[in-house]
Amino acid sequence: MAKVLVVEDEAFLSQALSDKLRKSGYEVETAMDGEMGLEKIRSFKPEVVLLDLLMPKKNGYAVLDEIKKDKTWKNLPIIVLSNFGEKTEIKKAKDLGAKDYYVKANVKLADLVNKIKRYLPK
Amino acid sequence: MAKFFSSSLNTRFLYYMVAIAGCVIAIFVYMIISTFTGSLKTEVQERVNATLETFSIVFSESHDQILTDVESLARGQDFVQTVNTLAAEKDISKLEELSEYVALKKQIKNTQEAQGLSFVDIVDSKGNILVGSENIKVGQKISLKGYVENVIKNKTTGKSVEIITQEEMQAHSEELAKKALINRIPTEKSKQGWRTQEDEHDGLVMAAGTVIINDGEVVGAIIGGVLLNNNNEILDRLVQRGRGIASLYLYDARAATTQQYQNINKRAIGTLASEEIVNTVYITQKDFSGRAFELDEWYLVAYQPIRNFENEVIGSIARGIPESEVTSSIGSIRLRFLIIGVGMFVLIYFITRFLVKSITRPLKELAINANRLSHGNLDIDIQPPEREDEIGDLTHSFINMKDKLHEYYTKLEALVAERTQELRQKVRDLEIARHSIEDEKNKSESILQNVGDGVLALNKDKEFIACNEAASDLLDYRIPEIIGKDLDAIINLKYIKLTDKNKDVNPIIKAIETGNVVATGTGEFAVVTKKKKGIPVTITATPLKDPSGEIHGGVVVIKDVTKEQEIDKMKSEFVSVASHQLRTPLSASKWFLEMLMDGDAGKLNKEQSEYIDHITKSNERMIALVNDLLNVSRIESGTIAIEPILTDIDGMIESVIFELAHIIKQKKQKTVFEKLSGGTPQIKIDPKLIRQVFQNLISNAVKYTPEGGKLGVRVSRDAKFLTFEVFDTGVGIPKSQQSKVFKKFFRADNVITLQTEGTGLGLYVAKSVVEASGGKIWFKSEEGRGTNFFFTLPIAGSTRREGEKTLI
């Protein structure tokens, strides 16, 4: 069972994502902030990470930055989900190694699941 | 000389006239004297020649007398008988003893003495002396260089001048020989070596002879002669009558001469004739007439050769008048002419002086008066002249001129006074005007300086002529650095806004060139200051026109809108954060609704399903509203990026239609896509932005077209642009509201009542995007019949622009 880590401080959103992913057949862990997210990446060793940007303690950029510095996670696909959607933000996230960037309000869960599927080994 | 020429007209004129007169007189006198001298000399020479004629006649007369005497003797019958007898005597030694001899001797002696002859000889037919007047011996030969033999031989009677030798003279008497002696003396002017000095012993005799014939047979001859050497008898007679000099020459030496000169009688025997005379008279044997040096004077002379019976020149007769006599008369003439000349000169001097004075004196007076006049003395009193000549006219004219001048001057003074008064008034008026202008200026300046915005004024060459402190502060230039500089040197504008299609146009230049006021909006321009700091500004450029409407500059008001920009930024940040916060619950709703719809929480019944769908639609509308608001905010912030890439627009249109397919199907609408033949060419545009345009336009068409209606897209092109037409058969836009179509949050009245969803931001966004991409957007619409939206894109593609934002 493929492992997906959801790093999201909003409980409703976190629940919606994890519920849908579980229903779609994934093993899901959640983290409520950036620091926890990093810990879970190390301990849980997810195959795909869904990462929010605006979070307490450590924001999404910081998380991306640290993961980028650690060669262990070189091939870990990280999909950024944020309700900010400016070009500058998207570019910054992608420069820090994010594979995709979606504005939450503009993406359907079904599409997201399909996207995750593409990053997993067949 | 300078003094001479600078002296008065009077003197100069006088000098000129006198100089001319002097020259004329001198030439005149010279010509008269030279002519007179020449003619005088000629005349005197003629006189000399005439006296020579006289000389010749007198000489000939004397000679004739001798001939007459001897002939009269020879014709006497007794005489002939006596000579015949004596000639018949054989023994000549006994002749002296004959009584006939003694008687004859006495007779001829008497004749000789009575007639003043030097000798009288009777010779026989052989030329030997029979009897002589002197103590000559019988039988002695007398020849006179062959003359005697010639007379006998030719049986002639004739006179001749002949040479008698010293021996022949001594045969007659020693006295005769002594009398004939001449010492030759060269004249002062004779050349050296001309005839060495020697004594002349020959005698020159004036001789006459005739044969004595008895019974047709020559028995002898009688010869009479006068010795001319030292014989002055004829010469004295000549000179007494005609003065001057008269000479007889034996050969070239004076044998006799008489000179009457300055009442002194002079003899000059033996002096020689000049070389010139010798050449003429003795060598070429011609008469001489001309100038010669005689004794001790220059003479005008005439010479005539004397020839013997053999026609040889043996002497000459000469006559002359001393040249000094001529020249003395010339001298007196010269003196007379000189006196006349000087007299004329003096006369001319005084006449000229008088004339000159009569002309120049009034002129001088005029000059003095003119001088006074020139010094402004117009009150001089000039007496009108009595004369009626040109000078009189001139003086009259001068008086006229003076009177006129006086008149004009008086008028002028009055005029000047009047004008001065006017001028003073004008100066006062101007002073007042200047004060009020200065007040105005001070007021204006104080207003200008106290305006918070930068104000600058330009002339028509776009050079700054004024600016206020605020402008100086804003631009970081000091005021003196700005004045006189070109617009471009001071105001460096940077275009920062997305939407203005005239972004390359400098609003200040545009205002001055078009004559219209140009105002820019916030966020369109930033000005780069001296310190290279970009300050966002708004610019209001107003052309300055003179009353004729000609533009002679402009006024620029630059307002620093940094604060406004900051507020804008805060606004945009607020929108960003607000939209984020709005989106978060919306996205939670969206996802849970999706899961409910998908039946993740159990299967829904029909009613539940319908409700969930309504909630989903409302939620989506909220999301769309937030997205649109964000887009508007991005557009207005002016930081939208344009990233053109080669795009398949046909595919884009098809995909947009496809996305709307389920609604179109629901509304049973008919869609058309009229492509260009061969498809729309791929051009470089920002696909995200242009897609947004198609989405907005086509979704509007779908939204506002009732069920079963028709809508579509039509593509056309020209050389530069592609034109996209999105048309429908929908409700259309009311005419009254067509002008507001592209405004934010505009929604037509007729669509609001349709209760269709819509934010009123779509067309605003579309217009912004099309214009930023280098195109234009417009529409045609008729209420109830449909709407056609058109927009163009340049085939050359959109211009790339860096920016922080893009549309969603």
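Every value quoted in this text rests on a predicted model; they were computed, and no experiment measured them.

**Re the overall build of chain A**
Within chain A, the regular secondary structure consists of 5 helices and 5 strands. Here chain A holds 122 residues, and the buried ones make up 53% of them. For chain A, the accessible surface area stands at approximately 5900 Å², while carbon and sulfur atoms represent 50% of it.

**A closer look at the sheet that holds strand S11 (residues 288–294) of chain B**
Residues and elements named next belong to chain B. With antiparallel pairing, 6 strands are arranged side by side in an open sheet as S10-S9-S8-S13-S12-S11. Across the chains shown, the open sheet's two edge strands, defined by having one partner strand only, are strand S10 (264–266) and S11. With strand direction ignored, the average angle separating the axes of adjacent strands in the sheet is 20°. Running at roughly 155° to strand S8 (residues 244–250), helix H8 (residues 233–242) makes contact with S8, strand S9 (253–261) and strand S13 (313–322) of the sheet.

**Observations concerning the confidence of the model for chain B**
Residue and element names in this part refer to chain B. Per-residue confidence for chain B gives a mean pLDDT of 83, with 94% of residues at or over 70. Note on residues 1–6: pLDDT under 50 across the span, and 4 contacts to partners over four residues away in sequence or across chains. Contacts for the low-pLDDT stretch residues 498–502, under 50 throughout, to residues beyond four places or in other chains number 13 contacts. The ipTM value of the predicted complex is 0.92, and its pTM value is 0.45.

**Points about the sheet that holds strand S22 (residues 670–674) of chain B**
Residues and elements named next belong to chain B. Spatially, S22-S24-S25-S27-S26 is the arrangement adopted by the 5 strands of the open sheet, whose pairing is mixed. The open sheet has two edge strands with one neighbour each: S22 and strand S26 (777–782). Each strand of the sheet is rotated relative to its neighbour by a mean of 10°, with strand direction disregarded.

**Re the packing of helix H3 (residues 60–69) of chain A against helix H4 (residues 87–95) of chain A**
Residue and element names in this part refer to chain A. The N-to-C vectors of H3 and H4 enclose an angle of 25°; their axes lie 9 Å apart at closest approach. Comparing the axis directions of H3 and H4 gives the class roughly parallel. Touching Tyr-61, Leu-64 and Lys-68 of H3 are Glu-89, Lys-92, Ala-93 and Asp-95, all from H4. Per-class residue counts for the contact of H3 with H4 are 3 nonpolar, no polar and 4 charged.

**Thoughts on the pattern of salt bridges**
For the structure shown, the criterion picks out 33 salt bridges over all chains. Of the charged contacts, one joins Lys109(B) and Glu113(B) as a salt bridge, the two residues approaching to 3.7 Å between their closest N and O atoms. In this pair, Lys109(B) and Glu113(B) are both assigned in helix H4 (residues 99–115), 4 residues apart and thus about one turn of the helix distant. Using a relative accessible area of 26% as the deciding quantity, one classes Lys109(B) as partly exposed. Several salt bridges share partner residues, and in doing so they unite Glu8(A), Asp52(A) and Lys104(A) into one network.

**Overview of a nonpolar patch on the surface**
On the surface, a nonpolar cluster with roughly 630 Å² of combined accessible area is contributed by Phe13(B), Tyr15(B), Tyr16(B), Met17(B), Ile20(B), Val24(B) and Ile359(B). Among the structural elements, Met17(B) can be located in helix H2 (residues 9–75).

**Re helix H22 (residues 762–772) of chain B**
Residues and elements named next belong to chain B. The buried fraction of H22 is high, at 10 of 11 residues. All of the buried residues along H22 are Gly-762, Leu-763, Tyr-764, Val-765, Ala-766, Ser-768, Val-769, Val-770, Glu-771 and Ala-772. Contacts from the buried residues of H22 go to helix H17 (606–637), helix H20 (687–703), S26 and strand S27 (786–794). Count one or two residues on from H22 and you reach Gly-774, which has phi positive near 95°.

**A word on unusual backbone geometry**
Negative phi values dominate among residues other than glycine, just as trans dominates among peptide bonds. Its identity is not glycine, yet Lys45(A) carries a phi of approximately 55°, on the positive side. Look at Asn311(B): it is not a glycine, yet its phi comes out positive at around 65°. Mapped onto the fold, Asn311(B) is located in the loop between strand S12 (297–307) and S13.

**Quick word on the packing of helix H16 (residues 562–597) of chain B against H17(B)**
Residue and element names in this part refer to chain B. The contact between H16 and H17 brings their axes to 9 Å, and the two run at 160°. What the angle tells us is that H16 and H17 run roughly antiparallel. By crossing handedness, the relation of H16 to H17 is classed as left-handed. Partitioning the contact of H16 with H17 into residue classes produces 13 nonpolar, 9 polar and 6 charged.

**Comments concerning the interface of chain A and chain B**
With 26 residues of chain A at the interface, the matching set in chain B holds 26 residues. Between chain A and chain B, roughly 2300 Å² of surface is buried when both sides are summed, and carbon and sulfur atoms account for 61% of that area. It is Asn83(A), Glu86(A) and Lys87(A) in chain A that bury the most area against chain B; as a group they hold 27% of the surface buried on that side. At the surface where chain A touches chain B, the tally comes to 2 salt bridges. Here Asp600(B) and Lys20(A) are joined by a salt bridge, their closest N and O atoms 2.9 Å apart. The tally of links from chain A across to chain B stands at 11 residue pairs in polar contact (both at pLDDT 80 or more).

**Concerning helix H5 (residues 147–154) of chain B**
Among all positions in H5(B), only Tyr147(B), Val148(B), Val151(B) and Ile152(B) are buried. Each buried residue of H5(B) lies within a common arc of 135° when the element is viewed along its axis, so the set occupies one face.

**A closer look at the nonpolar core**
All names here are of chain B. The biggest cluster of nonpolar side chains holds 54 residues, and the ones touching the most others in it are Phe-55, Phe-79, Ile-122, Ile-212, Ile-222 and Leu-248. In terms of residues, this core owes the most to one element, H2, which gives 12 residues. The residues contacting Phe-55, other than those within four sequence positions of it, are Ile-234, Leu-235, Leu-238, Ser-247, Leu-248, Ile-317 and Ala-318.

**Focus on the environment of Gln285(B)**
Residue and element names in this part refer to chain B. Residue position: Gln-285 is located in the loop between helix H9 (275–283) and S11. In sequence terms Gln-285 and Val-313 are 28 residues apart; their C-alpha atoms lie 7.0 Å from each other. Setting aside anything within four residues of it in sequence, one finds Gln-285 in contact with Thr-280, Pro-305, Arg-307 and Val-313.

**Here's the deal with the environment of Leu5(A)**
Residue and element names in this part refer to chain A. Within the element layout of this structure, Leu-5 appears in strand S1 (residues 3–7). By relative accessible area, Leu-5 is classed as buried at 0%. When neighbours within four sequence positions are excluded, Leu-5 is seen to be in contact with Glu-29, Thr-30, Ala-31, Gly-37, Lys-40, Ile-41, Phe-44, Pro-46, Val-48, Val-49 and Leu-50.

Cut-offs applied
Residues numbered from 1 in each chain as written. Chains lettered and ligands numbered in written order. Predicted model: local features only at pLDDT ≥ 70, side-chain atom pairs only at ≥ 80, totals over all residues. Heavy atoms only, no water. Helix = DSSP H or I, 4+ residues; strand = E, 2+ residues; numbered from the N terminus. Buried < 20%, exposed > 50% of the residue type's maximum accessible area, 1.4 Å probe, protein only. Areas by Shrake-Rupley, 256 points an atom, 1.4 Å probe, with all protein chains shown as cover. Pairing = 2+ DSSP bridges. Axes fitted to C-alpha atoms, helices over the stretch in contact; angles between N-to-C directions. Contact = heavy atoms within 4.5 Å. pLDDT = per-residue confidence, 0-100. Parallel < 35°, antiparallel > 145°, perpendicular 65-115°, else oblique. Nonpolar A, V, L, I, M, F, W, Y, C, P; charged D, E, K, R; others polar. Salt bridge = Lys/Arg side-chain N within 4 Å of Asp/Glu carboxyl O. Patch = residues over 30% accessible without salt bridge, like charges linked within 9 Å, V, L, I, M, F, W, Y side chains within 5 Å. Left-handed = near helix turned anticlockwise from the far one by under 90°. Buried area = accessible area lost by both parts, 1.4 Å probe. Polar contact = N/O pair within 3.5 Å; in protein donor to acceptor, adjacent residues only side chain to side chain. Arc of directions from axis to C-beta. Core = buried A, V, L, I, M, F, W, Y, C linked by side-chain atoms within 4.5 Å.

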